[in-house]
Every structure is written in C-alpha cells, then in structure tokens.
Amino acid sequence: MIVTITMNPAIDKTVEIDHLMTGGLNRIKKVVYDVGGKGINVSKTIKELGGVSLATGFLCGSTGKMIE
C-alpha cells in the first residue's frame, strides 16, 4: 500500500463544449467537478493501475467540505 499526503487538495472543474468559437458565444454542454491535488491524483493513478493507495491530507473551508 502507498500512502499519499495532499497538503492542498482542490476541486477541479472541467467543462465540455461542442466547439470553441473565438470572440463568439460558447455554450457549456457539460460540467464535471473532480477532487484533485498532487497526492490525490497519484492515489487515483495507483488505483487505475491496480494498486492500493490511501489518500490523506488536510481539509478546511468550503473546499474541504465539498471533498469530505
């Protein structure tokens, strides 16, 4: 098992659009929120590769409440 520590976890926001029109109106098709941060991303990768990992760190504020 690999233990990771994320000192500054984050919420990543990804938006999907049909096409990007520079200087024009771009409508968002889909929004995805995902927990991120270096240690968390490493733990996700370990899991995808079939390994076992424990992601640890510190949570506070509104971002911490969302991650929790």
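Each chain carries its own residue numbering, running from 1 in the written order of its sequence. In keeping with the model being predicted, local features are shown solely for residues with a pLDDT of at least 70 and side-chain atom pairs are shown and tallied solely at 80 or more, while totals for entire chains, interfaces and linings include all residues. Neither water nor hydrogens contribute to the side-chain values; these are computed over all heavy atoms in the structure.

**What to know about helix α1 (residues 38-48)**
The condition is simple: Any residue under 20% of the maximum accessible area for its type is buried, any over 50% is exposed, and the rest in between are partly exposed; the area is computed with a 1.4 Å probe on protein chains only. Going along the chain from the N terminus, every DSSP run of H or I of four or more residues is numbered as a helix, and every run of E of two or more is numbered as a strand. Regarding the arc, it is the one traced by the directions from the helix axis to the C-beta atoms. The contact definition used throughout considers only heavy atoms, calling two residues in contact when any of these lie within 4.5 Å.
For α1, the full list of buried residues reads G39, I40, S43 and I46. Here the buried residues of α1 occupy an arc of 120° about the axis, which is enough to place them on one side. Turned more than 90 degrees from where α1 packs its buried face, K38 and E48 sit exposed. Turning to α1, the residues buried within the fold contact β1 (2-6), β3 (28-36) and β4 (53-57). Just downstream of α1, G50 is the residue with a positive phi angle, here 95°.

**With respect to the environment of K44**
The following threshold applies: Under this definition, polar contacts are N or O atom pairs within 3.5 Å; protein pairs additionally need one hydrogen-donor-capable and one acceptor-capable atom, and for neighbouring residues in sequence, both atoms have to be side-chain atoms.
Among the structural elements, K44 can be located in helix α1. On the basis of relative accessible area, K44 is assigned to the partly exposed category, the value being 31%. Each C-alpha atom, one on K44 and one on T14, is 17 Å from the other, the two residues being 30 residues apart in sequence. Excluding residues within four positions of it along the chain, K44 makes contact with D34 and V35. Reaching out from K44, the side chain makes a polar contact with the side chain of D34 at a distance of 2.8 Å.

**What to know about the pattern of salt bridges**
The following threshold applies: A carboxyl oxygen of Asp or Glu within 4 Å of a side-chain nitrogen of Lys or Arg is what we treat as a salt bridge.
In the structure shown here, the tally under the stated rule is 3 salt bridges. Put simply, K29 and E16 hold a salt bridge, and the shortest N to O gap is 3.9 Å. Here E16 lies in strand β2 (residues 10-17) and K29 lies in strand β3, a separation of 13 residues in the sequence. Salt bridges linked by common partners bring E16, D18 and K29 together as one network.

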